[in-house]
Amino acid sequence: MTDDWLARGGAYVVIGIGWVLIAGGAYYLAHYLGKLHNSPNDGCLLGIGNVLLTFFGGGIGLLIGKFPYYLVSSIVLAALLPTLATLSIDRRMRKER
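Here the structure is a predicted model, which means the values were calculated and not measured.

Draft legend 1. Geometry of the overall build of the protein. Counting secondary structure elements, the protein contains three helices and zero strands. If you list the helices and strands of the protein from N to C, you get α-α-α. Since a compact globule built from 97 residues should have a radius of gyration of about 13 Å, the 16 Å found for the protein marks it as more spread out than a globular shape. Taken along the three principal axes of its C-alpha coordinates, the protein extends 55 × 20 × 15 Å. When contacts within the protein are restricted to residue pairs at least 6 apart in sequence, long-range pairs at least 24 apart make up 64% of them. Of the roughly 6,500 Å² that the protein leaves accessible, carbon and sulfur atoms contribute 69%. Taken together, the 8 basic and 5 acidic charged side chains of the protein have centroids lying 8 Å from each other.

Draft legend 2. Summary view of the packing of aromatic side chains. Here the structure, examined in full by the defined rule, presents two aromatic pairs. Between Trp-19 and Phe-55, the ring centres sit 5.7 Å apart and the planes meet at 70 degrees, which makes this aromatic pair edge-to-face. Of this pair, Trp-19 sits in helix α1 (residues 6-36) while Phe-55 sits in helix α2 (residues 40-64); the two residues are 36 residues apart in sequence, bridging distant segments of the chain. Of the residues examined, Trp-19 reaches a relative accessible area of 14% and is grouped as buried. Classification of Phe-55 as partly exposed rests on a relative accessible area of 36%.

Conventions used here
- Residues numbered from 1 in each chain as written.
- Predicted model: local features only at pLDDT ≥ 70, side-chain atom pairs only at ≥ 80, totals over all residues.
- Heavy atoms only, no water.
- Helix = DSSP H or I, 4+ residues; strand = E, 2+ residues; numbered from the N terminus.
- Rg over C-alpha atoms; globule rule 2.2 N^0.38 Å.
- Contact = heavy atoms within 4.5 Å.
- Areas by Shrake-Rupley, 256 points an atom, 1.4 Å probe, with all protein chains shown as cover.
- Lys, Arg positive; Asp, Glu negative; His and termini not counted.
- Charge placed at Lys NZ, Arg CZ, Asp CG, Glu CD.
- Phe/Tyr/Trp six-rings, centres within 6.5 Å; stacked < 30°, edge-to-face > 60°.
- Buried < 20%, exposed > 50% of the residue type's maximum accessible area, 1.4 Å probe, protein only.

Encoded structure:
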């Protein structure tokens, strides 16, 4: 096996696994946040939005990063967008209490 596994498509496996794990974690966190604030419907909607934001942020990271840095930029943006959305919704839910 050579060292160019990233160039031969191995990076996309790493990115795919990262995106799926981030999307699952973001959905779970949003659903938990909804239950915590007695609003499970809002938590479910936020979870769906977080999954979409994960893949949208990851796609942006793929576009702005150059080889091999697109691996890091994709995973960082895939985690950053749903986190920002969850934090902003959490602040609003706390204010309404």
